[in-house]
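Analysis of the macromolecular model
Spelled out, the chains give:
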Amino acid sequence: MDVTTAWDLFIAGFTDSGHARRYATRFRAGPLEAVRFAAGELSGKPFEELFVRDCDPGAALAAVAAHQPLPRHYLTVLEDQPGLRETYECGGYRLDDTETLMVCDLAVLAPLTPSPGVTLLCEEEADWHNCNDPQGTRWALPENLADPRMAHYTIVRDEQLVARGRNLWLNARQSYVSRVYVAEAWRGQGLARALMARLLADDIARGARWSVLTASRMGERLYAGLGYRVLGTILIFEPNEGVVGAEGGDG
């Protein structure tokens with residue numbers, strides 16, 4: 001899979017969940033693809049995300065200014081040239097987060113042995129999982145639980161939710177992984193790998209060929225060990241004027 005296809009799948013994964021289908025509107029701001037959420041997953045507040053790839057930073061900033069985005073908005077940029085970060089910073093934005101765009105070819109993946117400790121979340125258990133989430137977020141939403149294309153994976157130990165993640169089947173051959181997280185006290189025990197092994201085994205059983213995700217610096221090594229490869233670096237910028245960055249990209 002090339003970077004263009006992976007980038008398109010990343011945007012689709014961000015904008016086509018059950019929650020996004022209810023609250024999100026995709027549009028174009030000049031040369032940029034964009035999405036407006038009437039209610040974000042994590043904050044419940046309106047925001048916009050503008051996606052930038054193969055676009056000169058100056059032209060992207062001009063397009064954003066012409067669009068007049070919501071006060072709470074983010075520029076999600078696939079880094080592709082020297083000096084890009086500095087241009088956005090001079091244009092009134094600060095770097096909120098950095099992620100790595102990664103893809104896994106399931107056709108060449110080594111055989112996986114799913115852990116019996118990984119379970120699929122059902123709607124009746126959602127309230128408990130949201131209240132006991134190790135990251136303190138309401139990550140299992142009714143619209144997503146009702147979406148047959150999305151699966152929520154969890155690991156519970158000693159009556160604690162210690163690891164979780166989601167997978168969205170975008171189509172018969174491609175999926176998008178998100179919200180993978182392990183409680184800090186439980187890290188280093190292979191829980192994320194066990195969760196991902198179950199998730200990818202389910203992908204393969206469904207006949208999927210490709211899995212796409214964005215990884216944090218900490219997660220990149222884990223995913224590389226599972227067979228994912230790096231396609232690019234994604235920079236997420238927010239405007240300087242008092243936007244809370246901790247909720248960036250909460251769609």
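Preceding this paragraph is the structure being described.
A short tour of the structure in this document, coming up. (Residues numbered from 1 in each chain as written. Predicted model: local features only at pLDDT ≥ 70, side-chain atom pairs only at ≥ 80, totals over all residues. Heavy atoms only, no water.)

1. Observations concerning the sheet that holds strand 4 (residues 73-78)
In sheet architecture, strand pairing relies on hydrogen bonds along the backbone and comes in two forms, parallel and antiparallel. Reading across the sheet, the 11 strands line up as 1-2-3-4-11-5-10-9-8-7-6 and stay open at both edges, with mixed pairing between neighbours. Of all the strands in the sheet, the pair left with one neighbour each is strand 1 (24-29) and strand 6 (118-120). Strand after strand, the sheet turns through a mean of 25 degrees between neighbouring axes, direction not considered. In the sheet, strand 5 (residues 93-105) pairs with strand 11 (residues 228-239) via 11 bridges, with the strands oriented antiparallel. Across the sheet, the residue bridging to glutamate 99 is isoleucine 234, located in strand 11. (Pairing = 2+ DSSP bridges. Helix = DSSP H or I, 4+ residues; strand = E, 2+ residues; numbered from the N terminus. Axes fitted to C-alpha atoms, helices over the stretch in contact; angles between N-to-C directions.)

2. A look at the pattern of salt bridges
Considering all chains together, one arrives at 14 salt bridges under this definition. Put simply, glutamate 48 and arginine 36 hold a salt bridge, and the shortest N to O gap is 2.7 Å. One end of the pair, glutamate 48, is in strand 3 (residues 47-52); the other, arginine 36, is in strand 2 (residues 32-37), with 12 residues separating them in the sequence. Of the charged contacts in the structure, one is a salt bridge between arginine 166 and glutamate 41, with a shortest N-O distance of 3.1 Å. Taken as a pair, arginine 166 in strand 8 (residues 160-169) and glutamate 41 in the loop between strand 2 and strand 3 lie far apart in primary sequence, 125 residues in all. When sorted by exposure, arginine 166 lands in the same class as glutamate 41, which is buried. Beyond isolated ion pairs, a larger network of salt bridges with shared partners links Asp16, Arg21, Asp147 and Arg149. (Salt bridge = Lys/Arg side-chain N within 4 Å of Asp/Glu carboxyl O. Buried < 20%, exposed > 50% of the residue type's maximum accessible area, 1.4 Å probe, protein only.)

3. Some details on helix 8 (residues 217-226)
All of the buried residues along helix 8 are Gly219, Tyr223 and Leu226. Down the axis of helix 8, the smallest arc covering the buried residues is 50 degrees, so these residues share one side. Exposed residues lying more than 90 degrees from the buried face of helix 8 are Arg217 and Arg221. Against strand 5, strand 9 (174-182), helix 7 (191-205), strand 10 (210-215) and strand 11 lie the buried residues of helix 8. Directly after helix 8, the chain includes glycine 227, whose backbone phi takes a positive value near 115 degrees. (Arc of directions from axis to C-beta. Contact = heavy atoms within 4.5 Å.)

Without other data, these values stay purely geometric and don't point to any function.
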